[in-house]
Amino acid sequence: MNKPGLRLGVLASGRGSNLESIIRACSAVKIHAGIEIVISDRARSQALEHARRNQIPAVHLDPKAHSSREDYDAAAVRLLHEHRVDLVVLAGYMRLITSRLIGPFKNRIINIHPSLLPSFPGLRSHRQALEWGVRISGCTVHFVDETMDQGSIIIQAAVPVLDGDTEETLEARVLEQEHRILPQAIEYLAEDRLEISGRRVILKSPKPSAGAMVVSPMIEIGL
Ligand code: GRF
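Here the structure is a predicted model, which is why all the values come from computation and not from measurement.

Trainee: I tried to follow helix α3 (residues 69-82) on my own but got confused; where do I start?
Mentor: Each full turn of the α-helix corresponds to 3.6 residues, which orients residues three or four apart in the same direction. Spanning 14 residues, α3 covers 20 Å between terminal C-alpha atoms, matching the ideal 20 Å at 1.5 Å per step. Of all the residues in α3, the buried ones are Y72, D73, A74, A75, A76, V77, L79 and L80.

Listed below in structure tokens is the structure:
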């Protein structure tokens, strides 16, 4: 089937809710993109099930069948090229990727991370945020380079951290925003509206917005 727009390859390891948000946005033609292949390092990843249910080619690429992370990534690149993928989306992908994947897709790999980077990179971001006591957390879509969670930031969404929060309640609040900003970042790329300038990513011709601001805890005395 010929799909218009950006050809996506999604790499995912787990539950696949971010993948679902992209599938929804593509089906509703809210973004000019189509998913050409979903690759997972885990055979039982729900992401593979979501893909199959939506007639998207779904491949379990078994790490045990490859002698190194580089070999594994080379196999992933072959699959992505076979499916003529323009943009690689890491959506809950739990493996560190190597230059074998980054090289052929320079500035064409993006990742969603559940914190306001550069705070709380790596694993268990919500636990880190709660332990640190931040009042605001959120999520980040960024370009992927050889560093961990340090590539140029495309878009972030903030949410308040509430006093009674647990990792689970905070995760749910952040996840809702992940499902908005990941498809949005893809659409910016599909529209060719991003310009990388050093560490900064400039959005060309931004549309007027409400100028939203998050203050947490809420200001109560009308300042
Ligand atoms: C998300 O919180 C994402 O930010 C992180 O891993 C989680 C994946 O969730 N990288 P899902 O598999 O997309 O539901």
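Trainee: Just to check I follow, could you spell out the domain arrangement of the protein chain for this structure?
Mentor: Size of an interface: often given as the accessible area lost when the parts come together. Splitting the protein chain by domain gives domain 1 (1-106) and domain 2 (111-223). Just the C-alpha atoms count here: the centres of domain 1 and domain 2 sit 22 Å apart. Taken together, the contacts link 23 residues of domain 1 with 17 residues of domain 2. Summing both partners gives a buried area of about 1500 Å² for domain 1 against domain 2, and 68% of it is carried by carbon and sulfur. Looking at the side of domain 1 facing domain 2, the largest losses of area belong to N18, L90 and I102, adding up to 29% of the total buried there. For the interface between domain 1 and domain 2, the tally reads one salt bridge.

Trainee: Please clarify how the pattern of salt bridges should be interpreted in this entry.
Mentor: For side chains of opposite charge, pairing can occur when their charged atoms come near one another. In the structure shown here, the tally under the stated rule is seven salt bridges. With its nearest N and O atoms 3.2 Å apart, the salt bridge here joins E171 to R15. With E171 in helix α6 (residues 167-190) and R15 in the loop between β1 (6-11) and α1 (17-27), the pair connects residues that are 156 residues apart, well separated along the chain. The exposure class of E171 is partly exposed, given its relative accessible area of 26%. Classification of R15 by relative accessible area gives partly exposed; the value is 42%. The salt bridge partner of R127 is E167, with a shortest N-O separation of 3.3 Å. Taken as a pair, R127 in helix α5 (residues 125-132) and E167 in helix α6 lie far apart in primary sequence, 40 residues in all. The class of R127 is partly exposed, set by a relative accessible area of 35%.

Trainee: For this particular structure, what's the right way to read the side chain of N111?
Mentor: The topology assignment puts N111 in strand β5 (residues 109-113). N111 sits in the buried class, given a relative accessible area of 9%.

Trainee: Can you walk me through the state of the cysteines in this structure?
Mentor: Each disulfide consists of one covalent bond between the sulfur atoms belonging to two cysteines. Per the counting criterion, the structure on display carries zero disulfides. Here C139 stays free of any disulfide, with the sulfur of C26 as its closest cysteine sulfur at 19 Å. Residue classification places C139 among the buried residues on the basis of a relative accessible area of 0%.

Trainee: Is there a simple way to explain the packing of α5 against α6 in this structure?
Mentor: The packing of two helices is summarised by the inter-axis angle and the distance between the axes. For the pair α5 and α6, the least separation of the axes is 9 Å and the interaxial angle reads 115°. When the axes of α5 and α6 are compared, the pair comes out roughly perpendicular. Considering how the two elements wind past one another, α5 and α6 form a crossing that is right-handed. Of the residues in α6, those touching α5 at H126, R127, A129 and L130 are E167, L170, E171 and V174.

Trainee: Help me understand unusual backbone geometry in this model?
Mentor: For residues other than glycine, phi is negative in most cases, and the peptide bonds are mostly trans. Cis rather than trans, the peptide bond between L117 and P118 has omega equal to 10°. The residue R84 is not glycine, and still its phi comes out positive at about 50°. With respect to the secondary-structure elements, R84 resides in the loop between α3 and β4 (87-90). Here R84 falls in the exposed class, since its relative accessible area comes to 54%. The phi torsion at D149 lies on the positive side, around 60°, for a residue other than glycine.

Trainee: I'm lost on the side chain of D73 in this one. Help?
Mentor: You can see D73 is positioned in helix α3. At 5.1 Å, R95 is the nearest oppositely charged side chain to D73, a buried residue that forms no salt bridge. Dropping the residues within four chain positions of it, D73 is found in contact with I97, T98, R100 and L101.

Trainee: I keep staring at the pairing of β1 and nothing clicks. Help me out?
Mentor: Regular strands place side chains that alternate from one sheet face to the opposite one. Extensive coverage of β1 is indicated by the burial of six of its six residues. Sheet topology places β1 next to strand β2 (residues 33-40); six bridges connect them, and they run parallel. Across the sheet, V10 pairs through a bridge with V38, a residue of β2.

Procedures and definitions
- Residues numbered from 1 in each chain as written.
- Predicted model: local features only at pLDDT ≥ 70, side-chain atom pairs only at ≥ 80, totals over all residues.
- Heavy atoms only, no water.
- Helix = DSSP H or I, 4+ residues; strand = E, 2+ residues; numbered from the N terminus.
- Expected span 1.5 Å × (residues − 1).
- Buried < 20%, exposed > 50% of the residue type's maximum accessible area, 1.4 Å probe, protein only.
- Domains from an automatic or database assignment.
- Contact = heavy atoms within 4.5 Å.
- Buried area = accessible area lost by both parts, 1.4 Å probe.
- Salt bridge = Lys/Arg side-chain N within 4 Å of Asp/Glu carboxyl O.
- Disulfide = S-S within 2.5 Å.
- Axes fitted to C-alpha atoms, helices over the stretch in contact; angles between N-to-C directions.
- Parallel < 35°, antiparallel > 145°, perpendicular 65-115°, else oblique.
- Left-handed = near helix turned anticlockwise from the far one by under 90°.
- Lys, Arg positive; Asp, Glu negative; His and termini not counted.
- Pairing = 2+ DSSP bridges.

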